[in-house]
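Letter by letter, the chains look like this.
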Amino acid sequence: MYIEQVDNRTLSDCSVLIVDDDASSRLVLETLLQDIVACESVSSGRDAIEYCRFKKPDLILMDVSMPELDGHETTALLRKKPQCEGIPIIFVTSSSTEEEESKCWNSGCVDFVVKPVNACTLQNRVKSHLKNKMRNDLLEKLIYIDKLTGAYNRHYLDDYLPRLVRDGLRNITPLSLVIFDIDHFKLFNDMYGHLDGDSCLWKVSQCISSSLLRPMDKLVRIGGEEFLVILPNTDTQGAVEVTKRLLETVYDLNIKHAASEFERVTLSAGLSTKQADDDKTIEYVMLEADKHLYMAKTSGRNCVKAEGFTITGNESPVKATKRRILV
């Protein structure tokens, strides 16, 4: 992956989430924007928060007056979530008083439009904020993305992880870290060459990234053939299930590796979990995950190790009776 390939998105690739309790208002907004961006809509603030747990829209159009949670309250809750803090929110309000305008700005919106909505105004403001977001996203990727694999890099880890620790403490939620290592990668490079080695790293990275189902879950390349997956709000049992699925997905890529007892590229993984009420530092959790990775490597590979868990990948090694290869 090269820098010029980092981001070539256009407006038509962007998505807008419309949040409004009135069905006719949602339909009007969707009709005005459907030729510009992809739109999805929900009917309440609660639904918007749930939507953003699994998807990350490029922009949110938020009705101010809604029952249960109004636009201001919904925005405040979304802003507390790390995966949502960079999403621009435009309020749609029926009031144009100075007091209401000030309240909108203070709630964290980037703009607002007044009902009844002027089509030209809405379309141009949406386009303007989406273009700004695409530029910001590109800049962030140039800073935080590893250009070979497309995974996040250590700069991102240094900025992102402390925020997640604080969020876990505030929300009383666990944080799991999983360290992956490509089995026998030095032997792979020696046998197939560094170009194929780079291709293998890219394929594995893309496979893992596409298998992470929540926008808050992040893949970080921490060095060489070693990767870290960050799983917020995930306990050890949940992290084990995710990791097992990732190991199986990479196994099913069936990348030939004649120097491996599995005759294909496989992963070993170690994980550790920080509970909100424990006294573990995040550095200790990283070291614990690394220790479990070492245990996985010395226990046959193609498996995940955690406190109280040993889960193997798809199959047993096809060459285990012939030889045991150690890194």
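Residues numbered from 1 in each chain as written. Predicted model: local features only at pLDDT ≥ 70, side-chain atom pairs only at ≥ 80, totals over all residues. Heavy atoms only, no water.

Per an unreviewed UniProt entry, the protein chain goes by diguanylate cyclase and derives from Alteromonas hispanica. Looking at the Cofactor (unreviewed entry) heading of the UniProt record, one finds this comment for the protein chain: "Mg(2+)". The record held by UniProt for the protein chain lists under Catalytic activity (unreviewed entry) the comment "2 GTP = 3',3'-c-di-GMP + 2 diphosphate". (UniProt positions renumbered as here; feature names shortened; annotations may be inferred.)

Colleague: For this particular structure, what's the right way to read the UniProt feature "domain: Response regulatory" (unreviewed entry) in the protein chain?
Modeller: Feature annotation in UniProt assigns "domain: Response regulatory" (unreviewed entry) to the following positions: residues 15-130. The straight-line gap between the two end C-alpha atoms of residues 15-130 is 9 Å; of that span, 44% is helix and 21% is strand. (Helix = DSSP H or I, 4+ residues; strand = E, 2+ residues; numbered from the N terminus.)

Colleague: What is the right way to look at the UniProt feature "domain: GGDEF" (unreviewed entry) in the protein chain in this model?
Modeller: Mapped onto this numbering, the UniProt entry annotates "domain: GGDEF" (unreviewed entry) at residues 173-309. Taken end to end, residues 173-309 is 44% helix and 25% strand, and its first and last C-alpha atoms sit 21 Å apart.

Colleague: Mind showing me how you'd approach the packing of helix α8 (residues 194-211) against helix α9 (residues 236-253) here?
Modeller: Geometry of a packed helix pair, given as the angle between the helix axes and the separation of the axes. Axis separation between α8 and α9 bottoms out at 10 Å; the angle between their running directions is 135 degrees. Considering the angle they form, α8 stands oblique to α9. Pair α8 / α9 crosses with right-handed handedness. Here α8 contributes K203, V204, C207, I208 and S211 to the contact with α9, which in turn contributes R245, L246, T249, V250 and L253. Considering only residue class, the contact of α8 with α9 consists of six nonpolar, two polar and two charged. (Axes fitted to C-alpha atoms, helices over the stretch in contact; angles between N-to-C directions. Parallel < 35°, antiparallel > 145°, perpendicular 65-115°, else oblique. Left-handed = near helix turned anticlockwise from the far one by under 90°. Contact = heavy atoms within 4.5 Å. Nonpolar A, V, L, I, M, F, W, Y, C, P; charged D, E, K, R; others polar.)

Colleague: Can you walk me through unusual backbone geometry in this structure?
Modeller: Note: most residues except glycine have negative phi, and most peptide bonds are trans. Following K115, the chain continues to P116 via a peptide bond in cis, the omega torsion being -10 degrees. With a phi angle near 50 degrees, N302 is a residue other than glycine that sits in the positive phi range. Tracing the sequence through the fold places N302 in the loop between α10 (282-297) and β10 (303-306).

Colleague: I tried to follow the environment of Y284 on my own but got confused; where do I start?
Modeller: Take Y284: it is sitting in helix α10. Residue classification places Y284 among the partly exposed residues on the basis of a relative accessible area of 43%. Taking C-alpha positions, Y284 is 48 Å from E30, a pair spaced 254 residues apart along the chain. (Buried < 20%, exposed > 50% of the residue type's maximum accessible area, 1.4 Å probe, protein only.)

Colleague: Would you mind going over the pattern of salt bridges with me for this structure?
Modeller: It is possible for side chains of opposite charge to pair when their charged atoms get near one another. One pass over the full model with this rule turns up 20 salt bridges. A salt bridge links K115 to D63; the shortest N-O distance between them is 3.1 Å. Here D63 lies in strand β3 (residues 59-63) and K115 lies in the loop between β5 (111-114) and α5 (119-144), a separation of 52 residues in the sequence. For K115, a relative accessible area of 28% translates into the label partly exposed. With relative accessibility at 4%, the residue D63 sits in the buried group. Beyond isolated ion pairs, a larger network of salt bridges with shared partners links R9, D58, K133 and D137. (Salt bridge = Lys/Arg side-chain N within 4 Å of Asp/Glu carboxyl O.)

Colleague: What exactly am I supposed to notice about the pairing of strand β8 (residues 226-232) here?
Modeller: Regular strands place side chains that alternate from one sheet face to the opposite one. When you tally the buried positions in β8, you get six out of seven residues, the bulk of the element. Taken together, the seven bridges between strand β6 (residues 175-182) and β8 define a ladder with antiparallel strand orientation. Counterpart to I179 in the pairing with β8 is L228. Bridge analysis of strand β7 (residues 218-223) against β8 gives five bridges, and the strand direction is antiparallel. The partner of V220 across the bridge, within β8, is L228. Connecting the antiparallel pair β7 and β8 is a turn made up of two residues, with G224 showing a positive phi of about 55 degrees. (Pairing = 2+ DSSP bridges.)

Colleague: Quick question: what am I supposed to make of helix α2 (residues 45-54) here?
Modeller: An α-helical turn contains 3.6 residues, so any two residues separated by three or four positions project in the same direction. Along α2, the positions that sit buried rather than exposed are G45, A48, I49, Y51 and C52. Buried residues of α2, seen end-on, are gathered within an arc of 160 degrees and therefore sit on one face of the element. Residues of α2 that are buried in the fold lie against β1 (15-19), β2 (38-42), β3 and α3 (71-79). (Arc of directions from axis to C-beta.)

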